[in-house]
Amino acid sequence: MHIDIKNFIKRTQIMIKKYFFLSAVIFFTLLTVNTFAYKFDFVTVSDVVRNIKKTYSDLKSYQANFTIISDKGGRKVTQTGLLRFKASDKLLMDFYQPSRQKIVSNGQMMWIYIPSMNVVAEQDLMSDSGLFTSGSEAGLNRLFSKYHYRFASKDQPETMKDGTKMYTLVLKQKESRAGYKTINLWISENFFIQKAEGYTSSGKKVEITLKDITTNVDLPNGIFKFDIPATARVIKNPMLTEE
């Protein structure tokens, strides 16, 4: 089958950005970041971030159902699946839609398998590749040091339409650059990140929602390894620079 490499790399970049947006949301709570401490009643942004960090640092593992919705110009694409995470840097995303698609990371390497194209993107996470050093605290600190943090509204936590309460945070880039200009976060009262929403300068919106979160589940290390199908085409390090 003929593969348009240019289109594949573009599609792979989109997939990787989704992966890193999600992984950044997971990992950012483990970092020491500069925040604006706007005080509302007894809670500040610093209080919320500190409690999220403690919640996630105490976790050995968790799994959750995820939904990713990409929207640009009214054209929406929905992806669903099961996410599994194991401390400190292992991640597996098994997609139900598109069927059999996978994103696997063992902390050193990441694989994106797109069965509809019979292609695997293999990214070295330990190389000097900017945002893609997901196993590196320094790499993530570099990312989030470029954002200001604040509450989305005065009343925190906010009451959602379903009656639940969530802390809502807005992250904005300090300087104009590529990537997500704004990131919104919804955080439960027990300090789990339930939803994240990113906006690019080109008008694209990517929304990620986690549901049915189960913590400290038994996840063998073997599931975070990926065997490349013998007939699959492999493209190595498709994202060598920060976009």
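Heads up: these notes are all about the structure in this document.

This part takes up the overall build of the protein. Assigned secondary structure in the protein consists of three helices and 15 strands. Scored against the burial criterion, the 243 residues of the protein give a buried share of 49%. Long-range pairs, those at least 24 residues apart, make up 54% of the contacts in the protein with a sequence separation of at least 6. By element, 50% of the accessible surface of the protein is carried by carbon and sulfur atoms, the whole surface being about 12300 Å².

Residues Q97 and P98 are joined by a peptide bond in cis, for which omega reads 0°. Cis geometry marks the peptide bond from Q156 to P157; its omega dihedral reads -5°. On the secondary structure map, P157 appears in the loop between β9 (147-151) and β10 (158-159). Of note, F191 is a non-glycine position whose phi angle comes to about 65°, a positive value. Examined against the element boundaries, F191 turns out to sit in the loop between β12 (180-188) and β13 (193-200). The backbone of N216 shows a phi angle near 50°, a positive value even though the residue is not glycine.

So, on to the layout of surface pockets. Here the second largest pocket defines a volume of roughly 280 Å³. In terms of lining, the second largest pocket is formed by M160, K161, D162, T164, M166, W186, Q194, K195, T209 and K211.

Let us look at the environment of Y180. The residue Y180 is located in strand β12 in this model. Exposure remark for Y180: the relative accessible area of 12% places this residue in the buried category. The spacing of Y180 and V206 is 26 residues in sequence and 9.4 Å in space, taken between C-alpha atoms.

Next up on the list: the packing of aromatic side chains. Tallied over the entire structure, the rule returns five aromatic pairs. Between Y62 and F85, the aromatic rings sit 5.4 Å apart at their centres with planes inclined by 40°, giving tilted as the arrangement. Here Y62, found in strand β3 (residues 61-72), pairs with F85, found in strand β4 (residues 75-86); they are 23 residues apart in sequence, far enough to count as distant. Each member of the pair, Y62 as well as F85, carries the same accessibility label: buried. With a centroid separation of 6.3 Å and an interplanar angle of 35°, the aromatic rings of W111 and F226 are classed as tilted. Pair noted here: W111 is in strand β7 (residues 109-114) and F226 is in the loop between β14 (205-215) and β15 (233-236), with a separation of 115 residues, a long-range link.

Looking now at the nonpolar core. Grouped together as the largest cluster of nonpolar side chains are 41 residues, with contacts concentrated most on V48, L83, M93, Y167, L169, L185 and I187. Here this core gets five residues from one element, more than from any other, and that element is helix α2 (residues 45-57). Within the second largest apolar cluster, ten residues are counted, among which are V104, W111, Y113 and F226.

Successive residues of a regular strand alternate their side chains across the two faces of the sheet. Counting buried residues along strand β8 (residues 119-124), five of its six residues qualify, which places the element largely inside the surrounding structure. Two strands pair when backbone bridges link them, and β7 and β8 are joined in this way by six bridges, in the antiparallel orientation. By the bridge assignment, I114 is partnered in β8 with V119. Hairpin remark: β7 followed by β8, antiparallel, with four residues in the connecting loop; positive phi at N118, about 50°. Sheet topology places β8 next to β15; four bridges connect them, and they run parallel.

Now for α2. Taking 1.5 Å per residue, 13 residues should reach 18 Å; α2 reaches 18 Å between its end C-alpha atoms and fits that length. Here α2 has its buried residues at V45, V48, V49, I52, T55 and Y56. The buried side chains of α2 occupy one side of the element, clustering within an arc of 125° when seen end-on.

What follows concerns the side chain of N184. Counting through the fold element by element, N184 comes out in strand β12. Residue N184 is classed as buried on the basis of its relative accessible area, which comes to 16%. Sequence-distant contacts of N184, that is, excluding residues within four places in its chain, are made with L169, V170, K195, A196, E197 and Y199.

Quick look at the pattern of salt bridges now. Enumeration over the complete set of coordinates arrives at six salt bridges. Between K102 and D94 there is a salt bridge, with its nearest N and O atoms 2.4 Å apart. For K102, a relative accessible area of 28% translates into the label partly exposed. Residue classification places D94 among the buried positions, given a relative accessible area of 15%. When the shortest N-O distance is used, the salt bridge between E122 and K236 registers 2.4 Å. Residue E122 is located in strand β8, and its partner K236 is located in strand β15; the two are separated by 114 residues in the primary sequence. The structure contains a network of salt bridges with shared partners spanning K195, E197, K205 and E207.

The rules behind each value
- Residues numbered from 1 in each chain as written.
- Predicted model: local features only at pLDDT ≥ 70, side-chain atom pairs only at ≥ 80, totals over all residues.
- Heavy atoms only, no water.
- Helix = DSSP H or I, 4+ residues; strand = E, 2+ residues; numbered from the N terminus.
- Buried < 20%, exposed > 50% of the residue type's maximum accessible area, 1.4 Å probe, protein only.
- Contact = heavy atoms within 4.5 Å.
- Areas by Shrake-Rupley, 256 points an atom, 1.4 Å probe, with all protein chains shown as cover.
- 1 Å grid on protein atoms, 1.4 Å probe; cavity = no way out; pocket = protein on both sides within 12 Å on 5 of 7 lines; lining within 4 Å.
- Points joined across faces, edges and corners; volume = space filled by probe spheres on them.
- Phe/Tyr/Trp six-rings, centres within 6.5 Å; stacked < 30°, edge-to-face > 60°.
- Core = buried A, V, L, I, M, F, W, Y, C linked by side-chain atoms within 4.5 Å.
- Pairing = 2+ DSSP bridges.
- Expected span 1.5 Å × (residues − 1).
- Arc of directions from axis to C-beta.
- Salt bridge = Lys/Arg side-chain N within 4 Å of Asp/Glu carboxyl O.

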